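Summary of the model geometry
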Amino acid sequence: MMDETKIRDEELNEELMHELLQKGDVEAFREEFLSHHPYDQASFYEKADEETRHLLYQYLSPKEMADIFEAIEVDDDEYEDLFKEMDARYAADILSYMYTDDAVDVLNELNKDQVASYLTIMDKESAQQIKDLLHYEEYTAGSIMTTEFVAIPKNSTVRSAMNILRNAAPNAETIYYVFVIDEDRKLSGIVTLRDLIVADEDTLIESIMNDRVVSVQVSEDQEEVARMIKDYDFLALPVVDFQDHLLGIITVDDIIDVLDEEASDDYSKLAAVSDMDTFDRGPLTAAKKRLPWLILLTFLGMLTANLMGMFEATLDQVALLAVFIPLIAGMAGNSGTQALAVAVRGIATGDIEEESKMKLLFREAGTGLITGVICGIVVVGLVYFWKSELLIGMLVGTAVASSIFVATLAGSFIPLLIHRMKIDPAVASGPFITTLNDIISILIYLGLATTFLTNL
């Protein structure tokens, strides 16, 4: 295992970098800065202030800055400000040197005037490749694919294929998979770099290629693409149109970004936050993101309060009943959120298919029944030993058992219903399920209490 001190010594020395920048020692700065991994360079750039960034634009070429932007991790809305700092020609050159899919990701975050300006300045070939991808709908395979890949004719030999590979390799995003096409540019097969290396030079590609190729349609949702790459353990996945023409490829590094983005998005929705807050976001911006959800939940909470008002007469007669409302509502909310997490995760990973949805509902119903009955029995015992009130204990225990059963069923059914309606199931978030289950549990509890009030 690598020594921790050695790792620290190899990390980019930010103090030294700032010192060399301030001195204007271009050669020393470039030698030290460019000796580090692009990730470390990008980290330095992200932390730098505007004055330091302007010096970086002077000291680094557009190609070197392109490597940084391919490794950078900033909020989408920051790209516009960063590119406004640069000379337009310099910015356009950066985009030209980036892989096409990465350049498109950046341009999608800029305003239309900026995009038009950069595409006009850019060399025609790069601009056309970017335009070809820009028109694809966001979050589809077409929007995240790259056109920098190696394709060879199926009637070629290994010798000619290796020549094509050598020429295309400097600009290709990956060379481990080489895609085979016919005379109409339709995807016919795939060969790996290993296949080419071990095969005889005069062997025809058609005889060594694998013609059972897994591909994805250009309009496919990026989540489905991510699932396919995960399931098949691919390094890259070819993207085709409805006639099987090879349009591009999606590499595993892009899918890692998609998985991170989708996980962050789903988690933010489960927390009832419009967009996941970042640590560098100001309190006013964060408050604006959260307020719509909190206000909506406030109105739902008022509905809960109104329901309790409807049972005011019952609570006045037996004040002890009010003590157990938080317990019942809390247990219902917790069980509903657990079921929600299982359902949303199953939908997101694709584990829940059409034929297994009823199986999930029956399983969760059984789980809710078992956990509800056991928790109800425990509550009956606790209330009896605490207050010496067996009848109230049985009432509270029955309400707990019923609420947990209904809440568990609702927590699994609601996301499935929303998914069926072609809406992201993550919007059935924890706070919404909790508030809904508060209403259900209070109705059950106080409804039962009112019914049996004459026996209390």
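Under an unreviewed UniProt entry, the protein chain has the name Magnesium transporter MgtE and belongs to Planococcus citreus. Heading Subunit (unreviewed entry) of the UniProt record for the protein chain holds this comment: "Homodimer." Turning to the protein chain, the UniProt record has this under Sequence similarities (unreviewed entry): "Belongs to the SLC41A transporter family."

A few points about helix 21 (residues 357-387)
Each α-helix winds once per 3.6 residues, and so residues spaced three or four apart point in a common direction. With 31 residues, helix 21 extends 43 Å between its outermost C-alpha atoms, agreeing within 8% with the 45 Å of an ideal straight helix rising 1.5 Å per residue. Among all positions in helix 21, only Lys-357, Leu-360, Leu-361, Glu-364, Ala-365, Gly-368, Gly-372, Gly-376, Val-379 and Val-383 are buried. After helix 21 finishes, the residue Ser-388 shows a positive phi value of roughly 55°.

Comments concerning the sheet that holds strand 1 (residues 151-153)
Pairing within the open sheet is mixed, and its three strands lie in the order 1-2-3. One side of each edge strand has no neighbouring strand; the edge strands of this open sheet are strand 1 and strand 3 (187-192). Here the average twist between neighbouring strands, direction ignored, is 35°. Relative to strand 3, strand 2 (residues 177-181) runs antiparallel, the two sharing five bridges.

Some remarks on the nonpolar core
If you look at the biggest cluster of nonpolar residues, it comprises 69 residues, and the most contacted ones within it are Tyr-45, Met-65, Phe-69 and Phe-83. Counting the residues that make up this core, at least three belong to each of domain 1 (14-134) and domain 2 (151-271). Filtering out sequence-adjacent residues up to four positions away, Phe-83 remains in contact with Phe-69, Ala-91, Leu-95, Val-106, Leu-110, Gln-114 and Tyr-118. By size, the runner-up hydrophobic cluster in this structure holds 19 residues, among which are Val-379, Leu-395, Val-396 and Tyr-445.

Let's talk about the sheet that holds strand 5 (residues 236-240)
Strands sit in the order 4-5-6 across an open sheet of three strands; the sheet is mixed. Looking at the sheet topology across the chains shown, the edges are occupied by strand 4 (216-217) and strand 6 (246-251). Note: strand 5 against strand 6, five bridges, orientation antiparallel. Note on strand 6: the bridge partner recorded for Pro-238 is Ile-249.

Section: the packing of aromatic side chains
Within this structure, the stated rule accounts for 13 aromatic pairs. Where Tyr-45 meets Tyr-57, the ring centres are 6.3 Å apart and the plane angle is 55°; that geometry is what we call tilted. Residue Tyr-45 is located in helix 4 (residues 38-47), and its partner Tyr-57 is located in helix 5 (residues 50-59); the two are separated by 12 residues in the primary sequence. Look at Tyr-45 and you get buried, because its relative accessible area is 1%. Pairing Phe-324 with Trp-386 gives two aromatic rings, centres 5.9 Å apart and planes at 85°, and the pair type is edge-to-face.

Examining the packing of helix 6 (residues 62-71) against helix 8 (residues 88-97)
Packing of helix 6 against helix 8 leaves a shortest axis separation of 8 Å and a crossing angle of 65°. The chirality of how helix 6 crosses helix 8 is right-handed. Taking contact as the criterion, the partners of Pro-62, Lys-63, Met-65, Ala-66, Phe-69 and Glu-70 in helix 6 are, on helix 8, Tyr-90, Asp-93, Ile-94 and Tyr-97. Along the lines of polarity and charge, the residues of the contact of helix 6 with helix 8 split into seven nonpolar, no polar and three charged.

Concerning the side chain of Glu-173
Relative to the elements of secondary structure, Glu-173 occurs in the loop between helix 13 (158-168) and strand 2. Here Glu-173 sits buried without a salt bridge, and the closest side chain of opposite charge, Lys-63, lies 13 Å off (N-O distance). A distance of 3.2 Å separates polar atoms of two side chains, one belonging to Glu-173 and the other to Thr-251. Each residue touching Glu-173, except ones within four places of it in the same chain, is listed here: Tyr-99, Asp-101, Thr-146, Glu-148, Thr-251, Asp-253 and Asp-254.

Section: the confidence of the model for the protein chain
For the protein chain, per-residue confidence averages 83 on the pLDDT scale, and residues scoring 70 or more make up 85% of the total. For the protein chain, helix 1 (residues 4-10) is the element with the lowest average pLDDT, namely 41, and strand 2 is the one with the highest, namely 95. Long-range and interchain partners of residues 1-9, a stretch whose pLDDT sits below 50, account for two contacts in this model, where long-range means more than four residues apart.

So, the pairing of strand 2
Counting buried positions over the five residues of strand 2 gives five, a clear majority of the element. Of the two faces of strand 2, both are covered, the one formed by Tyr-177, Phe-179 and Ile-181 as well as the one formed by Val-178 and Val-180. Inspection of the sheet shows strand 1 paired to strand 2 by three bridges, in the parallel sense. Within the sheet, the bridge partner assigned to Pro-153 lies in strand 2 and is Ile-181. In the classification by handedness, the crossover that spans strand 1, the intervening helix 13 and the parallel strand 2 is right-handed. Joining the antiparallel neighbours strand 2 and strand 3 is a turn of five residues, in which Arg-185 adopts a positive phi near 65°.

Thresholds applied
- Residues numbered from 1 in each chain as written.
- Predicted model: local features only at pLDDT ≥ 70, side-chain atom pairs only at ≥ 80, totals over all residues.
- Heavy atoms only, no water.
- UniProt positions renumbered as here; feature names shortened; annotations may be inferred.
- Helix = DSSP H or I, 4+ residues; strand = E, 2+ residues; numbered from the N terminus.
- Expected span 1.5 Å × (residues − 1).
- Buried < 20%, exposed > 50% of the residue type's maximum accessible area, 1.4 Å probe, protein only.
- Pairing = 2+ DSSP bridges.
- Axes fitted to C-alpha atoms, helices over the stretch in contact; angles between N-to-C directions.
- Core = buried A, V, L, I, M, F, W, Y, C linked by side-chain atoms within 4.5 Å.
- Domains from an automatic or database assignment.
- Contact = heavy atoms within 4.5 Å.
- Phe/Tyr/Trp six-rings, centres within 6.5 Å; stacked < 30°, edge-to-face > 60°.
- Left-handed = near helix turned anticlockwise from the far one by under 90°.
- Nonpolar A, V, L, I, M, F, W, Y, C, P; charged D, E, K, R; others polar.
- Lys, Arg positive; Asp, Glu negative; His and termini not counted.
- Salt bridge = Lys/Arg side-chain N within 4 Å of Asp/Glu carboxyl O.
- Polar contact = N/O pair within 3.5 Å; in protein donor to acceptor, adjacent residues only side chain to side chain.
- pLDDT = per-residue confidence, 0-100.
- Right-handed = clockwise from strand over helix to strand, strands pointing away.

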